[in-house]
Each structure stands twice: as structure tokens, then as C-alpha cells.
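# Inside the fold
Single-letter residue listing:
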Amino acid sequence: MRDKKNLLRRLWSNRTPLHHARPRAGISNWHQACSLIHMKFEDRPFIAIWETTQACDLVCKHCRAAARPQRDAGELCTREARVMLDDFAEAKVPLVILTGGDPAKRPDLFELIQYGSKIGLSMGLTPSATPLVTPTLLQELKDAGLQRLALSIDGLVPDVHDRFRGREGSFARTVQILETAYALNISTQVNTTLHAGTIPVLDKLSAFMSTLGISLWSLFTIVPTGRATESLMPSAEAIEDAYLQILHLSKNVPYAIKTTAGPHYRRLALEERKASGRDIVVGTRGKQAMWVNEGRGFLFVSHRGEVFPSGFLPVSCGNIREQSAIEIYRTHPTFQLLRDSDSLKGKCGKCTYRHVCGGARARAYAMTGDLMASDPVCSYIPPSFSGRVDVFQGQRGNHLQVIQPAARTE
């Protein structure tokens with residue numbers, strides 16, 4: 001039992017990156033290690049994201065929030081935000097990210113970062129690349145204790161990125177902000193959407209990321225919610241090929257790589273570790289965040305205080321104005337269901353990797369209406385699955401896979 005606790009402590013540690021750990025006595029394989037992590041996720045999320053506002057001056061094609069220029073009068077006020085941050089701190093949530101919309105639209109942004117840092121939270125920020133993010137603001141945020149700044153680059157050339165973000169000059173401003181943050185010694189992250197304009201140039205994008213001094217490159221697989229539609233989604237096969245390329249690129253870059261809304265990348269990473277003979281128990285920071293999924297180590301709070309398993313999964317489970325976000329995370333039936341990998345349906349329910357991957361629950365819900373259905377853009381068919389695989393044509397010729405269980409015979 002002591003060995004199990006020690007491994008769990010190392011896996012959960014914020015200070016000790018654990019790229020791979022040899023299983024100790026009593027922990028014979030990675031399934032058991034995953035179970036320990038899941039036990040920890042029952043108590044608190046690994047990451048809590050707060051949508052500070054839906055106001056934003058960009059018009060991104062895939063915007064989850066369908067953002068608009070003006071702030072909502074119903075947003076959480078500073079006092080309510082402080083109460084929520086206190087809740088996160090009491091639960092010892094490792095990572096708290098302020099997102100939007102554009103959090104730079106809030107005049108109390110500095111105060112919120114400063115307060116979160118003061119009470120012991122690791123605070124991250126994902127602003128939009130607009131004139132609001134000035135060198136002065138970046139210096140103030142660093143002084144307030146900001147730990148990570150994340151921006152998006154969705155094309156290798158300005159034209160592709162700017163069309164995707166809906167504003168001319170967005171690419172140049174993004175690079176400028178990243179360079180300023182680097183000069184200020186602020187840890188930076190770039191988020192990139194996998195779409196027709198980025199998948200063919202992933203190798204060149206990867207090389208470009210190396211020039212920016214980033215700590216993490218996160219690649220996002222489209223979830224058709226908000227402004228995003230199926231027309232933006234690559235096929236399941238294209239996603240699989242992109243993940244294989246990302247896995248190859250990850251071996252030779254000076255930054256970590258992870259996927260967002262693409263948990264089946266973890267299957268490829270684990271298969272690679274198995275094939276290479278290396279241990280496959282991995283840690284939980286940056287590229288080691290291998291077990292987090294919607295509602296499983298993940299919590300999202302909207303600008304109005306609604307609590308969701310993910311910003312891409314619009315199933316409200318309560319409101320922090322009425323109940324603690326952490327209490328909702330621990331006790332709400334939807335969160336508990338999402339943490340039960342054995343309740344998955346279709347091929348996801350038969351998959352050996354369901355405890356590590358589990359499929360994108362948000363995408364399954366968006367495209368099938370079922371929280372626990374198979375992820376429609378995962379092309380992997382588990383050997384033990386005996387159901388039927390339907391392939392249908394989505395918008396603009398995108399082929400998406402939908403899995404249905406085999407007919408029951410009496």
C-alpha cells in the first residue's frame with residue numbers, strides 16, 4: 001500500500017515531471033496505475049478552467065463560445081470569482097486557467113491573477129491576440145504571478161491564420177505577444193487547431209514553434225459546438241495520420257506536445273512506448289497529462305457560473321452561485337458517469353485504452369446526443385469489438401465513423 005501511495009504521489013506531483021516510472025511492487029501494470037489516478041480524480045480535478053467572459057474582438061471560425069464584442073451583464077463579479085478561486089485552492093486543484101472569450105476584456109484580470117497566485121494556485125491565461133494584450137499588461141501579469149500564457153496559431157502563414165481567426169493582423173500580433181512574453185520569462189504555450197490549413201504543414205509548424213521558445217504545443221481536434229461545424233472536421237483517418245506525425249515530431253522538439261479533445265493520441269503514445277520497450281506509466285504535467293478527459297480531472301465554469309464537464313460539452317451540472325464547483329465535480333451524476341470508463345458504449349466500451357483515452361465525450365455528445373457513445377473521429381477498432389461500423393459522409397465530404405453495437409441475439 002505504501003508503494004502505491006508513493007507512486008500516486010509522484011504521478012500527481014506538480015514539481016516532479018515523471019516521463020516514465022518503473023512499476024513498484026503491488027503495481028504490476030499501467031491499468032492499475034490508471035485506477036490510482038482515477039481515484040484521485042474523484043476528489044478533485046487536475047485542471048479547472050473558468051470562462052471569465054464571452055466578450056472577444058476576434059471572430060474565430062471554431063469558437064466554442066460564439067463570442068461577441070460586448071461583455072454579458074450576468075458575468076461572475078470579482079467577489080464571486082474570488083470565492084470560486086478559494087474553492088479551488090482548498091481542494092488543491094493543480095492548474096487553474098482563465099479563458100474566454102478574451103479575459104483581457106475584464107478590468108479585474110490583474111487582480112484575479114494576483115489573488116489566485118496569493119492563495120497558492122498555479123494560474124494560466126489564454127487571452128486573444130488583440131491590442132488589449134500590451135507589453136505593459138504582460139509585465140503586470142507576470143508581477144501578479146502568472147505561470148503560463150497560451151495563444152493560438154492556426155496557420156503557418158498569416159493569411160491562413162487570419163482567415164481562421166476572423167481578423168487581419170492576428171498572426172503578426174500573436175507572434176509579437178509570444179516574443180514579448182518570452183523576453184519577460186513568462187512560460188508560453190501555443191494552441192493549434194487541426195484543420196485543412198494545418199494538417200499538411202505540421203512538420204513546418206513544429207519547426208516554427210521551436211523558434212518561439214514555447215513550453216507546450218497543444219493540438220486541438222474540432223468539436224462541432226458553438227461556431228464550429230462538421231465542415232471544419234478532418235476525417236477519422238486524417239486525424240489518425242496527423243497524430244502519428246505529431247508523435248514522431250514529439251521525439252525531436254524542445255517543447256512538450258499534447259492534444260486537446262483528442263484523447264486517442266494517447267493510444268498511439270502508449271503503443272509507441274510498448275513497441276520501444278520503455279515503461280508506459282507517465283506523469284501528469286504538460287505532455288504527461290494522460291488521464292484527463294471531460295469530467296475526469298477536468299472542470300469548466302462558464303462566465304455566468306455554470307459548471308460543465310468541459311467547455312465543449314454543454315451539459316450544465318449546476319452553478320457556483322448555488323453550490324461549490326468542487327462539490328458539483330465530486331457528486332453530480334454526470335461527472336460521476338464520465339469518470340466511469342466501463343460505462344462507455346460501442347467500440348469505446350470495448351477498447352483496451354478506455355481508462356487512458358475514453359474518446360472525446362464532447363464530440364460524441366455533439367454528433368450523437370449520447371455522452372457515452374464512441375468518438376466519431378477515432379478510426380481504431382478494438383479487436384474485441386464485434387459491433388457494426390457505419391461510415392457516413394459529413395459536410396464537405398468529411399468521412400466520419402459512427403459505431404453501433406452489434407444486434408443482440410436471444
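This is a predicted model, so every value here is computed, not measured.

## Here we look at the environment of alanine 373
Within the element layout of this structure, alanine 373 appears in the loop between helix 14 (361-368) and strand 10 (388-393). Accessibility expressed as a relative area gives 12% for alanine 373, which makes it buried. Along the sequence, alanine 373 and lysine 347 sit 26 residues apart, while their C-alpha atoms lie 8.5 Å from each other. Apart from residues no more than four positions distant in its own chain, alanine 373 is found in contact with Lys345, Arg361, Ala364 and Thr368.

## Things to note about the packing of aromatic side chains
The geometry of an aromatic ring pair is captured by the separation of the ring centres together with the interplanar angle, meaning the angle of the planes. Scanning all chains against the criterion turns up seven aromatic pairs. One Lys or Arg, arginine 339, reaches over the ring of tyrosine 329 and ends 4.5 Å from the middle of that ring.

## Observations regarding the packing of helix 3 (residues 78-91) against helix 4 (residues 109-118)
Between helix 3 and helix 4, whose axes approach to 10 Å, the crossing angle comes to 25°. In terms of orientation, helix 3 lies roughly parallel with respect to helix 4. The way helix 3 lies across helix 4 gives a crossing that is right-handed. Within the contact between the two elements, helix 3 uses Thr78, Ala81, Arg82, Leu85 and Asp86 and helix 4 uses Glu111, Leu112, Tyr115 and Gly116. Taken together, the residues that form the contact of helix 3 with helix 4 break down as four nonpolar, two polar and three charged.

## A look at the pairing of strand 2 (residues 95-99)
Where burial is concerned, most of strand 2 is hidden: five out of the five residues are buried. Side chains Leu95, Ile97 and Thr99 of strand 2 all project onto a buried face; the interleaved residues Val96 and Leu98 project onto the opposite face, where all are buried too. For strand 1 (residues 47-51) and strand 2, the ladder comprises five bridges, and the chain directions are parallel. Bridge assignment links tryptophan 50 to a residue of strand 2, and that residue is leucine 98. In this view, the connection linking strand 1 to its parallel neighbour strand 2 by way of helix 3 has right-handed handedness.

## Re the nonpolar core
Of all hydrophobic cores here, the largest spans 87 residues; its most connected members are Phe88, Leu98, Met209, Trp217, Leu299 and Val301. A per-element tally of this core places helix 9 (residues 236-249) first, with six residues. Setting aside its immediate chain neighbours within four residues, phenylalanine 88 contacts Ala48, Val93, Val96, Leu121, Leu299, Val301, Ala325 and Ile326. Counting residues in each nonpolar core, the second largest holds 18 residues, with Val223, Cys348, Ala362 and Leu371 among its members.

## Examining the pattern of salt bridges
Per the counting criterion, the structure on display carries 18 salt bridges. One salt bridge in this structure joins arginine 68 and aspartate 72, with 3.8 Å as the shortest N-O distance. Through salt bridges with shared partners, one network takes in Arg71, Glu75, Arg106 and Asp108.

## Here we look at empty space enclosed by the protein
On inspection of all chains with the given rule, the structure shows two cavities of 30 Å³ or more. Size it by volume and the largest cavity reaches roughly 120 Å³. Lining the largest cavity are 14 residues, and of these Lys347, Cys348, Cys351, Cys357 and Cys378 sit closest to its centre. By residue class, the composition of the lining of the largest cavity is seven nonpolar, three polar and four charged. Within this model, the second largest cavity holds a volume of roughly 60 Å³.

Rules and cut-offs
Residues numbered from 1 in each chain as written. Predicted model: local features only at pLDDT ≥ 70, side-chain atom pairs only at ≥ 80, totals over all residues. Heavy atoms only, no water. Helix = DSSP H or I, 4+ residues; strand = E, 2+ residues; numbered from the N terminus. Buried < 20%, exposed > 50% of the residue type's maximum accessible area, 1.4 Å probe, protein only. Contact = heavy atoms within 4.5 Å. Phe/Tyr/Trp six-rings, centres within 6.5 Å; stacked < 30°, edge-to-face > 60°. Lys NZ or Arg CZ within 6 Å of the ring centre and 35° of its normal. Axes fitted to C-alpha atoms, helices over the stretch in contact; angles between N-to-C directions. Parallel < 35°, antiparallel > 145°, perpendicular 65-115°, else oblique. Left-handed = near helix turned anticlockwise from the far one by under 90°. Nonpolar A, V, L, I, M, F, W, Y, C, P; charged D, E, K, R; others polar. Pairing = 2+ DSSP bridges. Right-handed = clockwise from strand over helix to strand, strands pointing away. Core = buried A, V, L, I, M, F, W, Y, C linked by side-chain atoms within 4.5 Å. Salt bridge = Lys/Arg side-chain N within 4 Å of Asp/Glu carboxyl O. 1 Å grid on protein atoms, 1.4 Å probe; cavity = no way out; pocket = protein on both sides within 12 Å on 5 of 7 lines; lining within 4 Å. Points joined across faces, edges and corners; volume = space filled by probe spheres on them.

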